[in-house]
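Chains, contacts and geometry: an overview
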Amino acid sequence: MSQPTIESILHERRVFTPPADFAQQAHIKSLDEYQQLYDRAKANPAKFWEELAIKELHWFEKWHTVLDWQPPNARWFDGGKINISYNCLDRHLTTWRKNKAALIWEGEPGDSRTLTYAQLHREVCQFANALKHLGVQKGDVVGVYMPMIPEAAIAMLACARIGAAHTVVFGGFSAEALRDRLNDGNAKLIITADGGWRKDAIVPLKEQVDKALADGAAPTVQHVLVVERTKQGVTMEPGRDHWWHEVQPTVSAHCPAEPMDSEDMLFILYTSGSTGKPKGVVHTTGGYNLYTHITTKWVFDLQETDVYWCTADVGWITGHSYIVYGPLSNGATTLMYEGAPRASNPGCFWDVVEKYGVTVFYTAPTAIRAFIKMGDQHPQARDLSSLRLLGTVGEPINPESWMWYQKVIGGDRCPIVDTWWQTETGGHMITSLPGAVPTKPGSATLPFPGILADVVDLEGNPVSDHEGGYLVVRHPWPGMMRTVYGDPDRFRRTYWEHIAPVDGQSLYFAGDGARKDEDGYFWIMGRVDDVISVSGHRLGTMEIESALVSHPAVAEAAVVGRPDDLKGEEVVAFVTLEGAIAPSDDLIKTLKQHVVTEIGALARPGEIRFSDALPKTRSGKIMRRLLRAIAAGEDVSGDTSTLEDRSVLDKLRTGG
Ligand code: PRX
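Predicted, not measured: the structure shown is a model, and the values here were computed from it.

With respect to the packing of aromatic side chains
One pass over the full model with this rule turns up 38 aromatic pairs. Aromatic side chains phenylalanine 300 and tyrosine 308 sit 5.1 Å apart centroid to centroid with 55 degrees between the ring planes, which places their arrangement in the tilted category. Assessed through its relative accessible area of 0%, phenylalanine 300 is described here as buried. A residue is classified by how much of its surface remains accessible, and tyrosine 308, at 0% relative accessible area, is buried. Relative to tryptophan 421, the ring of tyrosine 322 lies with its centre 5.0 Å away and its plane at 85 degrees, an arrangement referred to as edge-to-face. Pair noted here: tyrosine 322 is in helix H12 (residues 317–329) and tryptophan 421 is in the loop between strand E20 (416–419) and strand E21 (453–456), with a separation of 99 residues, a long-range link. Put simply, the rings of Trp69, Trp477, Phe491, Tyr495, Trp496 and Tyr508 touch in pairs and so form one group of aromatic residues. The residue whose ring lies beneath arginine 181 is phenylalanine 173, and the NZ or CZ to ring-centre distance is 4.3 Å.

Structure representation (structure tokens):
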């Protein structure tokens, strides 16, 4: 099943209205109700968000200013004091939720654990005290490099509790990538595990941490706190490394949540952009808490008895916002699964749905494509009747995958929310509200109330219906990123200067193309910059190029994405070699492995093509558009007017 094409979505005409019984009990019950909310938020955004902040969250002290907007710098609920860990835990303890399941966890080997709100609170307090004991203070940055185990969420909440910012690094990133992120964030401590289970094998996380810290290469890191998960045996450096299970009995379970300024940094999360160096996206406390809370509540239509499962990894923003903070702030039961669908157990996701009676299920199109390929027999052999709502995130979804999801997983009874958003936006931006907004397969539908999204040209003028353009947001929202860590200039340049200001107002643009239809529905067309999405993982082509040219055999490299049925896109690298070095199959293997070592397995090129030269314009720019077409096997003969040397093209086409 291929990726959506303009043709496939231009001809998409199917519309599905929310089932009546679903709409009746939903938080937002009709299109009218959505429209009223949307209009109210648009007319007076500050009032709209302020009312929600009062109603939905606990504040130690109220703010003096709802929004201070000096583009591109926004301050939300300035002067307010809040703690997101308090909102996710403490406030539920005085209600019947105290003994409700907060976190249900299923490990890949089949072990499991359930933590009630009271138990989770206790663990978070102890973990927070352990961090303090190891010298972590308010304002410090703490690295988190964890498998999908409860302690990953506990670690994040513990940092938030004492006012330390966490920077979670996905466990699939290499030691080198981890080290770069720890150094950029000046992390003082890192929380990890001996290992984690993934596809029937152990991911040796502690070993990677040791490599990242070797020879003083991450000098700010003073301690490593290690959770025991896989018990395969790791080396512990005395004085630096500490087992969590040894520290835990020595620390108190009493740790009041630190009142934080609304604009205090909550976390840094690194994401790829169109330059070689990943950006540390900074989110702050109050606005992010409110935004993830309300989007979780309305988009997943959370009800008290829901068993909510988001299949993302906590290493990505989806895990931050929609496994940990959003669901727990709402007092929901959030499910965390360590494993991934794998050859040895292709039905494992559906086992989890059946075992726990999952009601809301949120996953990525790449996973849906994999399920389709594995065959309907796996979901069909399980009881999925508990499901009432399905969600998707991360890439455009092909209408046919959408239909399969609705029919085979949702039994034609569950609405689908296709949620467009980004690491930078903190939470959902364009998405249906499932009881209110009719859906069209492949469209993320309409903006969330308070989000003034549009599709414009480079001058900031709205384009006509069905015409492609740049997806922008006109007004700040509480969950927006505040800056690029340590590089405010990059923040301004990357997101706020790409599109010309309109009437003096800057527009937020983070790299996607889109079009709107006659109903105002948004159809996301994918990235328009040099960012590619491999199995829903966002990768900068320049990051991979930098990794390749750091190998002594490589003179020059250009990386592009090639459409792939399963992964969405696959990495294809065009490489020129140094001097006398000859191309060989062994060298291809070596270079692929080199990328894995530098970045992680997620960036491993699917194909490496050697060439004598790369196609460049007369001004020396690599013609990526051309390389993309060549990688995809398209005819490029008529498309080379600015090419410096035509013979390069002929060689590339023939793979020479
Ligand atoms: O291109 C868009 C795509 O994922 C990008 C954001 O990636 P990341 O920051 O890693 O966050 C992923 C999870 C929020 C976007 O710029 N994207 C995300 N959701 C969708 C999407 N593309 C189409 N439809 C979506 N629902």
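We are not done yet, so read on.
Quick look at the pairing of strand E27 (residues 537–540)
The sheet contact formed by strand E26 (residues 531–534) and E27 spans four bridges and is antiparallel. Bridge pairing links isoleucine 532 to leucine 539 in E27. The turn joining E26 and E27, which pair antiparallel and follow one another in sequence, is formed by two residues; a positive phi near 50 degrees is taken by serine 535.

A few points about helix H4 (residues 45–56)
Taking 1.5 Å of rise per residue, the 12 residues of H4 would be expected to cover 16 Å, and the 16 Å separating its terminal C-alpha atoms lies within 8% of that figure. Of the surrounding elements, those touching the buried residues of H4 are helix H3 (31–43), strand E2 (73–78), helix H5 (84–93) and helix H11 (285–299).

Quick notes on the environment of alanine 514
Among the structural elements, alanine 514 can be located in strand E24 (residues 508–516). Looking at alanine 514, the relative accessible area reads 0%, which means it is buried. The sequence separation of alanine 514 and valine 472 amounts to 42 residues, and the corresponding C-alpha distance is 9.4 Å. The contacts of alanine 514, once residues within four sequence positions are left out, are Val455, Glu467, Gly468, Gly469, Leu471, Trp523, Ile524 and Met525.

Thoughts on the site of the ligand
The environment of the ligand is made up of 16 residues, and the closest members are Asp418, Thr419, Thr423, Asp512 and Arg538. Here glycine 394 contributes a backbone N or O atom positioned 3.0 Å from a nitrogen atom of the ligand. For the shell around the ligand, the secondary structure elements donating two or more residues are H12, E20 and strand E25 (522–527). When the residues that make up the shell around the ligand are grouped by side-chain class, the tally is six nonpolar, five polar and five charged.

Here we look at the nonpolar core
Core analysis: the largest hydrophobic core is formed by 123 residues, its most contacted members being Trp49, Phe127, Leu131, Ile191, Leu225 and Tyr325. Per-element accounting of this core gives the leading share, 10 residues, to helix H7 (residues 150–162). With sequence-adjacent residues up to four places away left out, leucine 131 is seen in contact with Val136, Ala158, Cys159, Ile162, Leu189, Ile191 and Leu225. Residues Val224, Tyr270, Ala553 and Val559 belong to the second largest nonpolar core, which totals 46 residues.

Considering empty space enclosed by the protein
Throughout the structure, instances matching the rule amount to three cavities of 30 Å³ or more. In this model, the largest cavity occupies a volume close to 50 Å³. Around the largest cavity, the lining residues are Ile84, Ala160, Gly163, Ala164, Ala165, Met260, Met265, Leu266 and Thr285. When grouped by side-chain class, the residues that make up the lining of the largest cavity number seven nonpolar, two polar and no charged.

Remarks on the packing of H5 against H7
Taken N-terminus to C-terminus, the directions of H5 and H7 make an angle of 115 degrees; their axes are 8 Å apart at the nearest point. Between H5 and H7, the angle is such that the two are roughly perpendicular. By crossing handedness, the relation of H5 to H7 is classed as left-handed. Of H7, the residues touching H5 (which contributes Ile84, Ser85, Tyr86, Cys88, Leu89 and Asp90) are Leu157, Ala160 and Arg161. Here the contact of H5 with H7 is built from residues that sort into six nonpolar, one polar and two charged.

A look at the pairing of strand E22 (residues 469–473)
Taking burial as the measure, the five residues of E22 include four buried ones, the bulk of the element. Pairing of E21 with E22 involves four bridges; the strand directions are antiparallel. Considered in E22, the bridge of valine 456 is made with tyrosine 470. Looking at chain direction, E22 and E24 are connected through four bridges and run antiparallel. Within E24, the position partnered with valine 473 by the bridge is tyrosine 508.

A closer look at H11
Spanning 15 residues, H11 covers 21 Å between terminal C-alpha atoms, matching the ideal 21 Å at 1.5 Å per step. The element H11 is extensively covered by neighbouring structure, given that 15 of its 15 residues are classed as buried.

What counts, and at which threshold
Residues numbered from 1 in each chain as written. Predicted model: local features only at pLDDT ≥ 70, side-chain atom pairs only at ≥ 80, totals over all residues. Heavy atoms only, no water. Phe/Tyr/Trp six-rings, centres within 6.5 Å; stacked < 30°, edge-to-face > 60°. Buried < 20%, exposed > 50% of the residue type's maximum accessible area, 1.4 Å probe, protein only. Helix = DSSP H or I, 4+ residues; strand = E, 2+ residues; numbered from the N terminus. Lys NZ or Arg CZ within 6 Å of the ring centre and 35° of its normal. Pairing = 2+ DSSP bridges. Expected span 1.5 Å × (residues − 1). Contact = heavy atoms within 4.5 Å. Near = heavy atom within 4 Å. Polar contact = N/O pair within 3.5 Å; in protein donor to acceptor, adjacent residues only side chain to side chain. Nonpolar A, V, L, I, M, F, W, Y, C, P; charged D, E, K, R; others polar. Core = buried A, V, L, I, M, F, W, Y, C linked by side-chain atoms within 4.5 Å. 1 Å grid on protein atoms, 1.4 Å probe; cavity = no way out; pocket = protein on both sides within 12 Å on 5 of 7 lines; lining within 4 Å. Points joined across faces, edges and corners; volume = space filled by probe spheres on them. Axes fitted to C-alpha atoms, helices over the stretch in contact; angles between N-to-C directions. Parallel < 35°, antiparallel > 145°, perpendicular 65-115°, else oblique. Left-handed = near helix turned anticlockwise from the far one by under 90°.

Just geometry here; none of it tells us what the structure is for.
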